[in-house]
Amino acid sequence: MEKLNKIELEKILLEMKENGKYREFHDMILDDYEEHQIVYKLEPDEMAALAYRNGTIPFKMKEFYDWHEMNLLVEEDLE
């Protein structure tokens, strides 16, 4: 799994805060959980930074989902 070192993470987060993308990406992560029951393996800041750096949105970064947790959540909703 791709990881960011502390310096890279802080640099990307600073850039996101300056251009207004930080809040937008965190809102996306919250929506992913509320609407799709997606649990990410990474902390929200790192997930947002990775998605931003890769020019995509968190929902499209499937390799960072925790599918086992997601399936458990979906099964709980069905019961």
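Looking at the packing of helix α1 (residues 6-19) against helix α3 (residues 44-53)
Axis angle and axis distance: for two packed helices, these are the angle between their axes and the distance between the axes, and together they describe the pair. In contact at an axis separation of 9 Å, α1 and α3 are set at 75 degrees when each is read in the N-to-C sense. In terms of their interaxial angle, α1 and α3 are classed as roughly perpendicular. Counted together, Glu8, Leu9, Ile12, Leu13, Glu15, Met16 and Asn19 of α1 and Asp45, Glu46, Ala48, Ala49, Tyr52 and Arg53 of α3 form the full contact between these two elements.

Side note on the packing of α1 against helix α2 (residues 21-36)
The geometry of α1 relative to α2 is characterised by a closest axis approach of 5 Å and an angle of 105 degrees between their N-to-C directions. By the angle between their axes, α1 is roughly perpendicular relative to α2. Residues Leu13, Met16, Lys17 and Asn19 of α1 lie in contact with α2, whose contacting residues are Lys21, Tyr22 and Phe25. For the contact of α1 with α2, the class distribution of residues is 4 nonpolar, 1 polar and 2 charged.

Some thoughts on the pattern of salt bridges
Inspection of the entire model under this criterion finds 4 salt bridges. We note a salt bridge from lysine 3 to glutamate 46, for which the minimum N-O separation is 3.4 Å. A residue pair is termed long-range when its members are at least 10 positions apart, and lysine 3 in the segment before α1 and glutamate 46 in helix α3 qualify at 43 residues. With relative accessibility at 53%, the residue lysine 3 sits in the exposed group.

What counts, and at which threshold
- Residue indices follow the written sequence of each chain, beginning from 1 at its first position.
- Owing to the predicted nature of the model, reporting of local features is limited to residues with pLDDT of at least 70; listing and counting of side-chain atom pairs is limited to 80 or more, with chain, interface and lining totals taken over all residues.
- Side-chain descriptors were evaluated using all non-hydrogen atoms of the structure, hydrogens and water having been removed beforehand.
- For every element, the axis is a line fit to its C-alpha atoms; helices are fit only across the contacting stretch, and the angle between N-to-C directions ranges from 0 to 180 degrees.
- To qualify as a helix, a DSSP run of H or I must reach at least 4 residues; to qualify as a strand, a run of E must reach at least 2; elements of each kind are numbered from the N terminus.
- Roughly parallel covers angles under 35 degrees, roughly antiparallel covers those over 145, roughly perpendicular covers 65 to 115, and oblique covers all other angles.
- Here, two residues are considered to be in contact whenever any of their heavy atoms come within 4.5 Å of each other.
- Any residue that is not Ala, Val, Leu, Ile, Met, Phe, Trp, Tyr, Cys, Pro, Asp, Glu, Lys or Arg is counted as polar, Gly included; the first ten are nonpolar and the last four charged.
- Note on definitions: salt bridges are taken to be side-chain nitrogens of Lys or Arg within 4 Å of carboxyl oxygens of Asp or Glu.
- Throughout, exposure labels follow a simple rule: accessible area from a 1.4 Å probe, protein chains only, divided by the maximum for the residue type, with under 20% read as buried, over 50% as exposed, and the rest as partly exposed.

What is shown is where atoms sit, not what they do.
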